[in-house]
Amino acid sequence: MTRRPSWWLALTGTSTLAAAVALTSAAPAVAADPAPGPKNVIVLIGDGMGYNHIDAASLYEHGTTYAQVEVDPQAGTIEHLPGTASQVFQSFPVQVAMSTHSANGRAEYDPAKAWADFDWIAEGATDSAAAGTALATGVKTNNGILGIDPEGDVVKNVAERAAELDKATGVVTSVQFSHATPASWGAHNASRNDLHGISDEMIAGPLDVIMGAGHPYFDDDHQPIDTGRFDYLSESAWNKLSDGQTPFTLIEEKAQFEALAAGQDVPEQVFGLAQVASTLQQARSGGSEGQLPFEVEQNDVASLATMTQGALNVLEQDEEGLFLMVEGGAIDWTGHANETTRNIEETVDFNRAVETVVDWVETESSWDETLVIVTADHETGYLDGSQSDPTWTPITGAKGQLPDEAWFSGNHTNQLVPLFAKGAGSDLLASYATGTDPVRGAYLDNVDVARVAFESWGYEDAPEAGEIPLTATVPQAGEVEGSLTMSVADFGEGVALGGGANVGDRLRFGGALPTVSVTDSRSNAQAGAGGWTVSGQAADLSTGSQVLRAQHLGWTPGLLTTRPGVTPGSPVATVLGGGEGLGTPATLATATSDGRLGTTDLTADLNLEVPVDTRAGEYAGSLTVSLFPVD
């Protein structure tokens, strides 16, 4: 895999032209061949799982906590209580915090405000669609939107990139498979509530494994129902799955999941739909306040850990590697409902799934080739010590007992969540933690989870040699006596746009378009009274999740061959210069019947202007130059 130089612009063609141009800036040089990224990436997400959800489950299971604090903003005191690691991920070498805000709502995390006012984090939080999109694509979007940026453009997710690299991909969840978090790696939809559209796209997409709840013929207690409830997928989609009209092998029964987890008759693609409606366990009947976890009989369906092992058995068959997202989705549901008992159940279930992944890495793979990330998409329920508000107090308790804690919201919050990482690429992920929180320390943003994969795997493949033709022949009616063609000189060497001068509100780069040569040997009978025109149009430039719109590129056309009847196009100013940029077609040059014959050489001064706070990176885009005959 070749890494593009900093600030890259590629000129590509349709049937008319292909070339490549590199823009360089004053950014530090980047090695042409970086160390290879992880072969496998596994992301485990406790939906709604904050620091205190993890510790509440640890108190019940082990009688210990790991990340408890006492904070009094009025007194200006912060105390970190002694912690004991009890979960396998709490021994991971990378342990940082993560901000989760979406593109709308409050759209920020402010460390000072978060710990100055107990109520600040309770407002303006993300939802799971926007958070999932950020984690999956590296792009912030508005609440309620999946895989689409705020401007309405579809953005690539890490699972799609993995599939492009011939890696196997999958999503596993403890809630319905078409819910917002798993859908973030399998769909692009302007509404997270379009569950039929989302499920159709996930089934038709590149995912090799999809597992979760959402069975149309079972209720939340694992009891069959006579009339199907097609809330989470359409009836036609269910019929296709059950009739074998998709690439997936459908499994439903607990025994089938267990056989898959045991490695028996493993197919290449699996759709696992547990025989339960909305969640594997959380929504089952029974239970009362004060009851201990697992005292209410559980549904006789596969656990999240069993599903995870089965998914790994399917995906590991791909020699190129895998991407897997595992979600403890019902942790969020218990937070919304302020269910202490079932919150512990769901968090424990999630912990077992993490242990399953770690065991797989250490027995079937290795930390040298696999990156494992454990985090949350946001916190739900504002879980804290029972004496909190206006200060923050610790959760306490004893093993086997419900913790002394309280819920201060029924919604998502804007607080930092924990992130744990180990394996190939974990150091790169840790380097993104440039924020500093007075209580949680270093933190990164949720877009950085996708960023580490795209940084390692690239965002898209470089064009293959020979894919883009260099000339175009205009078909002629009748006898062909000549042709109209175009070529670009030395396009393979690229063009360096130098400068990067700071001119106040923007950075300005400049360079010259490679010589564009138009040769017209048509007879007068062929050309008639017409000539030709050459136009150009740029596409957006991007690096990972960051995008520079094509309107930031402009040009000033010029002629290297002057003759009567040939006229350069008008200058096109960038959007920062008050123009429209090259996002729309612009004329490079035109020739009338008097000046068309022979070879005419064209050029243009390229001008790239970007805001001074543009994020540094390796931007890739395209500029298409096209030749047209004029009647």
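Residues numbered from 1 in each chain as written. Predicted model: local features only at pLDDT ≥ 70, side-chain atom pairs only at ≥ 80, totals over all residues. Heavy atoms only, no water.

(A) Geometry of the sheet that holds strand S28 (residues 566-568). Here we have four strands laid out as an open sheet, ordered S28-S29-S24-S31, and antiparallel in their pairing. Sheet topology places S28 and strand S31 (623-629) at the edges, where each strand pairs with a single neighbour. Taking the axes of each pair of neighbouring strands and ignoring which way they run, one obtains an average angle of 15° across the sheet. In terms of strand pairing, strand S24 (residues 532-538) meets S31 through seven bridges, oriented antiparallel. Opposite Ala 538, over in S31, you have Leu 623 as the bridge partner. (Pairing = 2+ DSSP bridges. Helix = DSSP H or I, 4+ residues; strand = E, 2+ residues; numbered from the N terminus. Axes fitted to C-alpha atoms, helices over the stretch in contact; angles between N-to-C directions.)

(B) Here's a closer look at the sheet that holds strand S10 (residues 270-273). Read across the sheet, 11 strands follow the order S9-S10-S8-S7-S11-S3-S12-S17-S6-S19-S18 without closing on themselves; strand pairing throughout is mixed. Sheet topology places strand S9 (249-251) and strand S18 (435-437) at the edges, where each strand pairs with a single neighbour. Across the sheet, the mean angle from the axis of one strand to that of its neighbour is 20°, orientation sign disregarded. By the bridge criterion, seven bridges tie strand S3 (residues 40-46) to strand S11 (residues 322-328) in an arrangement that is parallel. Bridge pairing in S11 places Ile 42 opposite Leu 324. Along the sheet, helix H1 (residues 51-62) contacts strand S6 (94-99) and strand S17 (417-423); its crossing angle with S17, the most-contacted strand, is approximately 75°. Packing against the sheet, helix H10 (residues 330-337) makes contact with S3, strand S7 (168-176) and S11, and its axis sits at approximately 25° to S7. (Contact = heavy atoms within 4.5 Å.)

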